[in-house]
Amino acid sequence: VLHRLAGEPSATAKAPFTDVAAEKFYSEAVAWAYENEIAMGITSDRFVPNDPVTREQVATFLVRYAHWSGVDVEALGDLSNYRDAASVSPYALEAMTWAVENSIIQGVTQTSLAPKDTATRAQVATILMRFVENLTK
């Protein structure tokens, strides 16, 4: 989705992920996202394209894309209003904070972000809608 939002630019090289076959419909998007530091993979050679995405992973992809787009992604607050804030992975903390501050991601309840939960299709659609609206302001 982010690759399409960017206008489907070409990658200059193949991504290093052994689990992303060249003939897949998403191969170019993954290579572009890797090249632009939007997607880093689970390891240096694994992307796990068939695994579900977590809410903190979605936030991370979005903040990296926003940064790539020239948006200021400095997170100024914290997640202390959420009882599960300590469960946000260190790599995703700034991204989750920025996404919450900008009303892109909301808690699943008033006090829970559920950062490691699988993001449902409906949640991703809503998050993407808020993200695009936020980017075009």
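Let me begin by describing the structure that accompanies this report. What you see is a predicted model, and the numbers here were worked out from it, not measured in a lab. (Residues numbered from 1 in each chain as written. Predicted model: local features only at pLDDT ≥ 70, side-chain atom pairs only at ≥ 80, totals over all residues. Heavy atoms only, no water.)

1. Quick notes on the overall build of the chain
- Broken down by element type, the chain carries five helices and zero strands.
- Starting at the N terminus and ending at the C terminus, the chain contains elements arranged as α-α-α-α-α.
- Its C-alpha atoms give the chain a radius of gyration of 15 Å, within 12% of the compact-globule value 14 Å for 137 residues.
- Structurally, the chain occupies a C-alpha span of about 45 × 30 × 25 Å along its principal axes.
- Buried positions account for 37% of the 137 residues belonging to the chain.
- For the chain, the share of sequence-separated contacts (at least 6 apart) that also reach a separation of at least 24 residues comes to 67%. (Helix = DSSP H or I, 4+ residues; strand = E, 2+ residues; numbered from the N terminus. Rg over C-alpha atoms; globule rule 2.2 N^0.38 Å. Buried < 20%, exposed > 50% of the residue type's maximum accessible area, 1.4 Å probe, protein only. Contact = heavy atoms within 4.5 Å.)

2. A few points about the nonpolar core
- Residues Leu-62, Leu-79, Met-96, Trp-98, Ile-104 and Phe-131 are the most contacted members of the largest nonpolar core, which totals 37 residues.
- Of all the elements in the fold, those that place two or more residues in this core are helix H2 (27–35), helix H3 (55–68), helix H4 (93–101) and helix H5 (121–135).
- Tallying contributions element by element places H3 first for this core, with six residues.
- Dropping the residues within four chain positions of it, Met-96 is found in contact with Arg-55, Glu-56, Ala-59, Leu-79, Val-88, Ile-105, Leu-113 and Pro-115. (Core = buried A, V, L, I, M, F, W, Y, C linked by side-chain atoms within 4.5 Å.)

3. Focus: the packing of H3 against H5
- Packing of H3 against H5 leaves a shortest axis separation of 11 Å and a crossing angle of 20 degrees. Classified by the angle between their axes, H3 and H5 sit roughly parallel to one another. Both H3 and H5 take part in a crossing whose hand is right-handed. Mapping the contact onto sequence places Arg-55, Val-58, Leu-62, Tyr-65 and Ala-66 in H3 and Gln-123, Val-124, Ile-127, Leu-128, Phe-131 and Leu-135 in H5. (Axes fitted to C-alpha atoms, helices over the stretch in contact; angles between N-to-C directions. Parallel < 35°, antiparallel > 145°, perpendicular 65-115°, else oblique. Left-handed = near helix turned anticlockwise from the far one by under 90°.)

Any functional reading would require information beyond the geometric quantities listed.
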